[in-house]
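Structural characterization, general
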Amino acid sequence: MIDFELTDEQRALIDTARKFTRDRIIPVAAECDRDEKFPDDVFKAAWENGLANPTLPAEYGGLGLGDVDGTLINEELAYGCTGIATSIMANTLGMTPIKLAGNDAQKKKYLGWLASEPVMVSYATSEPAAGSDVAGLQCRAKRMPDGSWVLNGTKAWITNGGLASFYVIFATENPDARHKGIGAFILRRDNPGLKTGKREDKLGQRASDTRQVMLEDAVVPAEDVLAEPGVGFKLAMETFNQTRPDIGALATGLMRRCLDESVAYAKERMAFGRPIAEQQLVQQMLAEMAIRIEATGLLVRKAAWNLEKGIRNPIVSAYAKAYGADAAMQSALDAVQIFGGNGYVKEYPVEKLMRDAKLLQIYEGTAQIQRVVIARHLVGG
Ligand SMILES: Cc1cc2nc3c(=O)[nH]c(=O)nc-3n(C[C@H](O)[C@H](O)[C@H](O)COP(=O)(O)OP(=O)(O)OC[C@H]3O[C@@H](n4cnc5c(N)ncnc54)[C@H](O)[C@@H]3O)c2cc1C
């Protein structure tokens, strides 16, 4: 049976997230964007309100919410600011490989840490010379006789890089082996071999902290090896499969904001003696935005539902991410268009939406890489 109804609990969850967004995110979003500042107090409050790490399993102290629930929260947070929402959501990205591949001790230690304190975890595959080509990463992992590993290399564009208490780092035992050489390792922030670079000065999502993470003879004890070389690449890909619907949810939230701002403005703004909302070419842009919101929302729901039911179908996660990111970019461009000259100045909220939307087409697999993933399912290879 197909059912689009939300449960009472899910409706309550949306209410909580919507109120939180209205009271805590929207009031600080413009300032955090301007000053490139992540509001730690907002993250702490999100954690206290059960809006961070929603899918952390109950047996490790988490709320144990479903994947659909997680996307409902992310959509609401993104309505307020995708930069802040990305940083909150990045904890789910960071904890997913531990959920998928961690042993019980690792889950107790690291998932338990996320459940008991408002701390952050970062996920790091990307490097200065390897983003889309994850199998081409160069960060080296060397096995020591005592079972520990030593990591050397640089990770790039790491969300919450300067704020995280621990990191899931993907590194290779042998770069020539490409995907067959990659493993995953948990590193604590206080590891003497780990340093973080300067905060990246970004186009959009400027509230979110993005940095390089440098590893110089960083020793990982045997108990913090998450995936031995050989199985890390698969783990990274499955993590993306599980978190791409969340990017679609961010896109939906951003588009809802575009539409609300655009409708309100179009009803007020007069041209040729009447509100621009009465112009059919403006109405067309509004109608297309509404279609994209609905279509992305449905793709996200299907992709998250698949995950909840244990149905493995990465193509649908890729659809939700690819379509949602492009839809958000187009909707934000149209919102700026509807605002005209006012759309181009920072006094109005839509130029930020346009800058923020662009990142949705880049991180967690670019727009092109989603097509590669989808096409591979269609034609093989
Ligand atoms: C703000 C921000 C936050 C990020 N957060 C994280 C994070 O937390 N953790 C993390 O690991 N990474 C993170 N990233 C990195 C992000 O995932 C990469 O930037 C992204 O995967 C693209 O890699 P790249 O920048 O090396 O681009 P490249 O791989 O160099 O690609 C450049 C262009 O070539 C195209 N291209 C590349 N290969 C192909 C192909 N086979 N077919 C068609 N086109 C292709 C791409 O689509 C793109 O248009 C973040 C990036 C940003 C900007």
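Worth saying up front: this structure is predicted, and the values here are computed from it rather than measured.

Brief notes about the side chain of Arg-355
Note on placement: Arg-355 falls in helix 9 (residues 350-360). Within polar-contact distance, the side chain of Arg-355 engages the backbone oxygen of Leu-203 at 2.9 Å. When sequence neighbours within four positions are dropped, the list of residues in contact with Arg-355 reads Asp-33, Leu-203, Gly-204, Arg-206 and Lys-346.

So, unusual backbone geometry
Positive phi values are uncommon outside glycine, yet Gln-205 reaches one of about 45 degrees. Looking at Gln-205, the relative accessible area reads 0%, which means it is buried. Of note in the backbone geometry, Glu-364 takes a positive phi value of approximately 50 degrees without being a glycine. Along the chain, Glu-364 falls in the loop between helix 9 and helix 10 (367-379). Judged by relative accessible area, which is 9%, Glu-364 ranks as buried.

A few points about the pattern of salt bridges
For the structure shown, the criterion picks out 32 salt bridges. Two residues, Arg-34 and Asp-35, come together in a salt bridge whose shortest N-O distance is 2.9 Å. Its relative accessible area of 57% is what places Arg-34 among the exposed residues. Here Asp-35 falls in the partly exposed class, since its relative accessible area comes to 38%. Among the ionic pairs, Asp-209 bridges to Arg-211, the shortest N-O distance being 2.9 Å. On the basis of relative accessible area, Asp-209 is assigned to the buried category, the value being 2%.

A few points about the packing of helix 6 (residues 232-268) against helix 7 (residues 280-309)
At a minimum axis distance of 9 Å, the contact between helix 6 and helix 7 shows a crossing angle of 155 degrees. Comparing their axes, helix 7 and helix 6 come out roughly antiparallel. Relative to helix 7, helix 6 is oriented so that their crossing is left-handed. Split into classes, the residues belonging to the contact of helix 6 with helix 7 amount to 16 nonpolar, 7 polar and 2 charged.

Some remarks on the environment of Lys-108
Mapped onto the elements of the fold, Lys-108 is located in helix 5 (residues 104-116). The exposed category is assigned to Lys-108, whose relative accessible area is 54%. Separated by 49 residues in sequence, Lys-108 and Glu-59 have C-alpha atoms that sit 8.8 Å apart. Look past the residues within four positions of Lys-108 in its chain and what remains in contact with it is Tyr-60 and Trp-113.

Here we look at the pairing of strand 4 (residues 166-172)
A large share of strand 4 lies buried, amounting to 7 of its 7 residues. Of the two faces of strand 4, both are covered, the one formed by Phe-166, Val-168, Phe-170 and Thr-172 as well as the one formed by Tyr-167, Ile-169 and Ala-171. When strand 1 (residues 121-124) meets strand 4, the two strands line up parallel, connected through 4 bridges. Within the sheet, the bridge partner assigned to Ser-122 lies in strand 4 and is Tyr-167. With 7 bridges connecting them, strand 4 and strand 5 (residues 182-188) associate as antiparallel partners. Looking across to strand 5, one finds that Phe-170 is bridged to Ala-184.

Section: the site of the ligand
Taken together, 19 residues lie around the ligand, and Ser-126, Ser-132, Trp-157, Thr-366 and Gln-368 are the ones closest in. In the environment of the ligand, an oxygen atom lies 2.7 Å from a nitrogen or oxygen atom belonging to the side chain of Gln-368. Two domains each put at least three residues into the shell around the ligand: domain 2 (121-230) and domain 3 (234-379).

A few points about the nonpolar core
Residues Leu-151, Phe-185, Leu-187, Leu-215 and Ile-338 are the most contacted members of the largest nonpolar core, which totals 70 residues. With residues up to four places along the chain from it excluded, the contact list for Leu-151 reads Arg-140, Ala-141, Ile-169, Ala-171, Phe-185, Leu-187, Leu-215, Glu-216, Asp-217, Ala-218 and Val-220. Counting residues in hydrophobic clusters, the runner-up holds 25 residues, among them Leu-93, Val-121, Phe-170 and Leu-226.

Here's the deal with the domain arrangement of the chain
Looking at the assigned domains, one finds that the chain contains domain 1 (8-116), domain 2 (121-230) and domain 3 (234-379). Centre-to-centre, using C-alpha coordinates, domain 1 lies 20 Å away from domain 3. The partner domain 3 presents 28 residues to the 28 residues of domain 1 that form the contact. Where domain 1 touches domain 3, the interface holds 3 salt bridges.

Points about helix 5
Count 3.6 residues to each turn of an α-helix, and residues three or four apart come out pointing the same way. Spanning 13 residues, helix 5 covers 17 Å between terminal C-alpha atoms, matching the ideal 18 Å at 1.5 Å per step. Capping the start of helix 5 is the job of one residue whose side-chain oxygen sits 3.2 Å from the backbone nitrogen of Ala-105: Asn-103.

Brief notes about the packing of aromatic side chains
Going through the model one piece at a time under the given rule, you end up with 9 aromatic pairs. With centroids separated by 4.8 Å and ring planes inclined at 45 degrees, the aromatic side chains of Tyr-110 and Phe-166 adopt a geometry described as tilted. Highlighted residues: Tyr-110 in helix 5 and Phe-166 in strand 4, separated in sequence by 56 residues. The exposure class of Phe-166 is buried, given its relative accessible area of 0%. Between Trp-113 and Phe-166, the aromatic rings sit 5.2 Å apart at their centres with planes inclined by 15 degrees, giving stacked as the arrangement. In this pair, Trp-113 is assigned in helix 5 and Phe-166 in strand 4, connecting sequence segments 53 residues apart. Judged on exposure class, the residue Trp-113 and its partner Phe-166 are both buried. Ring pairs connect the aromatic residues Tyr-110, Trp-113 and Phe-166, which therefore count as one cluster.

Calculation notes
Within each chain, residues carry numbers counting from 1 in the order of the written sequence. Reporting in this predicted model follows two pLDDT cut-offs: at least 70 for local features of residues, and 80 or more for side-chain atom pairs to be given and counted; totals over whole chains, interfaces and linings ignore these cut-offs and use all residues. Note that water and hydrogens are dropped before the side-chain values are worked out from all heavy atoms of the structure. The way it works is that DSSP assigns letters per residue, a run of H or I at least four long becomes a helix, a run of E at least two long becomes a strand, and they are numbered from the N terminus. The term polar contact refers here to a pair of N or O atoms within 3.5 Å; inside protein, the definition further demands a hydrogen-donor-capable atom paired with an acceptor-capable atom, and it admits residues adjacent in sequence only when both atoms are side-chain atoms. Should any heavy atoms of two residues lie within 4.5 Å, those residues are considered in contact. Summary of the burial criterion: residues with accessible area below 20% of their type's maximum are buried, those above 50% are exposed, and those between are partly exposed, where the area comes from a 1.4 Å probe applied to protein chains only. Any Lys or Arg side-chain nitrogen located within 4 Å of an Asp or Glu carboxyl oxygen qualifies as a salt bridge. Axes here mean lines fitted to C-alpha atoms, for a helix over just the part in contact, with angles spanning 0 to 180 degrees between N-to-C directions. Throughout this description, any angle smaller than 35 degrees is read as roughly parallel, any larger than 145 degrees as roughly antiparallel, any in the 65 to 115 degree range as roughly perpendicular, and the remainder as oblique. Here a crossing is called left-handed whenever its near helix is offset anticlockwise from the far helix by less than a right angle, and right-handed whenever the offset is clockwise. For this classification, the nonpolar set comprises Ala, Val, Leu, Ile, Met, Phe, Trp, Tyr, Cys and Pro, the charged set comprises Asp, Glu, Lys and Arg, and every other residue, Gly included, is treated as polar. Being paired, for any two strands, means DSSP has found at least two bridges between them. Nearness here has a simple test: a residue counts as near a molecule or strand if at least one of its heavy atoms is within 4 Å of that partner. Per the annotation, domain bounds derive from an automatic or database assignment of domains. Each nonpolar core is a collection of buried residues, namely Ala, Val, Leu, Ile, Met, Phe, Trp, Tyr and Cys, held together in the definition by side-chain atoms within 4.5 Å. In this analysis, the expected span of each helix is defined as 1.5 Å times one less than the number of residues it contains. Two aromatic rings from Phe, Tyr or Trp, using only the six-membered ring of Trp, form a pair when their centres are within 6.5 Å; if the ring planes differ by under 30 degrees the pair is stacked, by over 60 it is edge-to-face, and anything between is tilted.

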